[in-house]
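Below are the chains, spelled out letter by letter.
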Amino acid sequence: MSSSLNPLLEPRGVRIALTLTAAVVLLLFLFAPLVVVFGEALSRGLDVYLDALTEPDTVSSIGLTLLVAAICVPVNMAVGICAAWCVAKFDFRGKSLLTTIIDLPFSVSPVIAGLIYVLVFGLQGWLGPWLRAHDIHVIFALPGIVLATLFITFPFVARELIPLMEEQGTEDEEAAVSLGANGWQVFRRVTLPNVKWGLLYGVLLCNARAMGEFGAVSVVSGHIRGRTTTMPLQVEILYNEYNMVAAFAVASLLAMLALVTLAVKTFFEWRYAKELAAAK
Amino acid sequence: MSVKSPVIPGFGPTLGVTLFAAGLIVLIPISALFLRAAGLSWEQFEAAAFSPRVLASYRLSFGGALIAAVFNVFAGLIVAWVLVRYDFPFRKLVDAMVDLPFALPTAVAGVALTALYAPKGVLGKLLLKVGIKAAFTPFGVVLAMIFIGLPFVVRTVQPVLQDLESQHEEAAVSLGANRWQVFTYVILPAILPALVTGFALAFARALGEYGSVIFIAGNMPGVSEIAPLMIVTKLEQYDYAGASAIATVMLVVAFVLLLLINSAQKWHQTRMAGR
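Residues numbered from 1 in each chain as written. Chains lettered and ligands numbered in written order. Predicted model: local features only at pLDDT ≥ 70, side-chain atom pairs only at ≥ 80, totals over all residues. Heavy atoms only, no water.

(A) Examining the overall build of chain A more closely. When its secondary structure is counted, chain A shows 13 helices and 0 strands. Its helices and strands taken in sequence order, chain A reads α-α-α-α-α-α-α-α-α-α-α-α-α from the N to the C terminus. Across its three principal axes, chain A shows a C-alpha extent of roughly 65 × 55 × 30 Å. Considering only contacts in chain A between residues 6 or more positions apart, those separated by 24 or more positions represent 72%. A gap of 4 Å separates the mean positions of the 18 positive and 21 negative side-chain charges of chain A. (Helix = DSSP H or I, 4+ residues; strand = E, 2+ residues; numbered from the N terminus. Contact = heavy atoms within 4.5 Å. Lys, Arg positive; Asp, Glu negative; His and termini not counted. Charge placed at Lys NZ, Arg CZ, Asp CG, Glu CD.)

And the structure:
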């Protein structure tokens, strides 16, 4: 490369300085925290690490996290598809208001997301007295954790699908309808193949957030050990007990979830780019 | 823009499901917050939302989020620039890793950053040698806010940089501009809206962030307590109304800021289009 002569490139010294600055920023803020998680988790050896992960409260927190994700992800996937369908394929009054409402959870602090459910279902909340009279537990129980997680992950699928489905237009669907396809067939055979990578992408991010949410869940969970602690809350409890190896052992599982999420996400982007290129 | 036709089926049911879910999960609970805050007299509201301890937490949350977002504008631009324009080993891997703060659960980021920057941590030890205490101070809060906000700037600026046509830069060069002039007069105006959006997103996220900040903050009253923590503290005392008052202040200020930035962007766009 005769880069030093290329007027569209910075001088060599500037390029090296910028690259080094970027490297330092990424090292300090991205790689170092990740390395620390695994380093601390394995600091007393593999046996201690595995013992920490098989401790009953930790095992039950893993189960609860999987259960919450198993409820929230399909619900928000279905709602997200419905939202994307009516927003992207139709014009109606109040559409921009509806998309604003769908996006709202992104701009609300997780703590406030938890708080609003306490205000509705908590002891002094709107439904508190009625729920208490009927012995139904929402706050400090599974339903509250699920609701707060639903709120936090509400926009993910719709957010990915709406721009994709808008870009795609409505001509293919209209052609399918004129050929006699019903609504479900139009979606399954015409729309879905075009947006499947976007959908998977949204579901993936939704799942990562559902499993990793801390602030909102922390407010509604009550931190009852072995019962209402999800994995991120278990990290907090163990950390506050100065049980560092155990805290970082659970944290390392969540970090692996994040790494897998990033890997799969990169794979989706690669596949999607390939299909776009093939379609051209 | 495609013409939307009434031929396609499914409008009623999908809109129904969407409205039902949005109402149940988002709208009703949010309105519970505002109704609870509206039920307070002004004196009660003031006592809860503007006590000295809570005011100190706003200062830290808003100030820290501002500093972190400004830092991220510069750091994020450099990272995006290097990723788009230069070639180096593991570029793809580094590019994928930029999203780590999105994917890593915030509590994990929180304990990891604390372990790193605590007085006994690897980086905390180094900083202590030059006399800087990082963890359990407002500086630590800013560090966590930088971590959580960085990808927002990179990911909004990167696509704009990627799509930038080199013709404008070539034209500027042929007219005798040096590299710095090309950057300030050609490239910067084109990426400025993306930078502002990235700034706003990073700021909003840092403002509301809880998990990654709470561990490194140390949570000393009046010194290193963030506003979301004050909400949690009120809730732990079963002071629902007080928690709602603080949450309302945070929501309103964040909303006004985003509105200002949005209208600034619209103004910028119409001005550019009018040229």
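So much for the structure itself; the text now carries on.
(B) Examining helix H10 (residues 179–208) of chain B more closely. The largest bend along H10 of chain B measures about 55° and falls at Leu 188 of chain B, with the proline Pro 189 of chain B one to four residues further on. Put simply, Asn 178 of chain B is the residue that caps the front of H10 of chain B, since its side-chain oxygen is 3.1 Å from the backbone nitrogen of Trp 180 of chain B. (Bend = angle between axes of the 7 residues up to and from the residue. Polar contact = N/O pair within 3.5 Å; in protein donor to acceptor, adjacent residues only side chain to side chain.)

(C) Layout of the interface of chain A and chain B. The partner chain B presents 81 residues to the 84 residues of chain A that form the contact. Here chain A packs against chain B, burying approximately 7,400 Å² in sum over the two surfaces, 81% of which is carbon and sulfur. Of all residues in chain A, Leu 8, Phe 29 and Leu 30 of chain A give up the largest surface area on contact with chain B, accounting jointly for 10% of the area buried on that side. Summed over the shared surface of chain A and chain B, the result is 2 salt bridges. The partner of Asp 99 of chain B in a salt bridge is Lys 265 of chain A, with the nearest N and O atoms 2.5 Å apart. At the boundary of chain A and chain B, one finds 10 residue pairs in polar contact (both at pLDDT 80 or more). Examining the composition of the side of chain A that touches chain B, we find that 17 residues originate from one element, helix H1 (residues 12–41) of chain A, more than from any other. When its residues are assigned to classes, the side of chain A that touches chain B shows 59 nonpolar, 14 polar and 11 charged. (Buried area = accessible area lost by both parts, 1.4 Å probe. Salt bridge = Lys/Arg side-chain N within 4 Å of Asp/Glu carboxyl O. Nonpolar A, V, L, I, M, F, W, Y, C, P; charged D, E, K, R; others polar.)

(D) Region of interest: the environment of Thr 156 of chain B. Residue and element names in this part refer to chain B. Inspection of the secondary structure assignment puts Thr 156 in helix H8 (residues 138–163). For Thr 156, a relative accessible area of 18% corresponds to the buried category. Thr 156 sits 38 residues away from Ala 194 along the chain, and the two C-alpha atoms are 5.6 Å apart. Among residues more than four places away in sequence, those in contact with Thr 156 are Ala 194, Thr 197, Gly 198 and Leu 201. At 2.8 Å, the side chain of Thr 156 forms a polar contact with the backbone oxygen of Phe 152. (Buried < 20%, exposed > 50% of the residue type's maximum accessible area, 1.4 Å probe, protein only.)

(E) Fine view of the pattern of salt bridges. All names here are of chain A. Scanning all chains against the criterion turns up 18 salt bridges over all chains. A salt bridge links Arg 225 to Asp 57, with the nearest nitrogen and oxygen atoms 3.0 Å apart. Placement of the pair is Arg 225 in the loop between helix H11 (215–221) and helix H12 (231–240) and Asp 57 in helix H3 (residues 56–89), with a sequence separation of 168 residues. Given a relative accessible area of 34%, Arg 225 falls into the partly exposed group. Take Asp 57: its relative accessible area is 21%, and that puts it in the partly exposed class. Close ionic contact of Lys 196 with Glu 275 constitutes a salt bridge, the shortest N to O distance being 3.8 Å. Placement of the pair is Lys 196 in helix H10 (residues 183–212) and Glu 275 in helix H13 (residues 244–279), with a sequence separation of 79 residues.

(F) Structural detail: the nonpolar core. By size, the foremost hydrophobic cluster in this structure holds 188 residues, and its most contacted members are Ile 112, Phe 151 and Phe 248 of chain A together with Tyr 58, Leu 104, Tyr 117 and Ile 231 of chain B. In this structure Tyr 58 of chain B touches Ala 49, Phe 50, Gly 63, Ala 227, Ile 246, Val 249 and Met 250 of chain B, once residues within four positions along its chain are discounted. (Core = buried A, V, L, I, M, F, W, Y, C linked by side-chain atoms within 4.5 Å.)

(G) Representation of the packing of H3 of chain A against H10 of chain A within the structure. All names here are of chain A. Put simply, H3 and H10 touch, their axes get as near as 9 Å, and they point 140° apart. Between H3 and H10, the angle is such that the two are oblique. Crossing angle aside, the handedness with which H3 passes H10 is right-handed. Contacts between H3 and H10 involve Thr 65, Leu 66, Ala 69, Val 73, Asn 76, Met 77, Ile 81, Trp 85 and Lys 89 from the first element and Val 186, Phe 187, Thr 191, Leu 199, Val 203, Cys 206, Asn 207, Ala 210 and Met 211 from the second. (Axes fitted to C-alpha atoms, helices over the stretch in contact; angles between N-to-C directions. Parallel < 35°, antiparallel > 145°, perpendicular 65-115°, else oblique. Left-handed = near helix turned anticlockwise from the far one by under 90°.)

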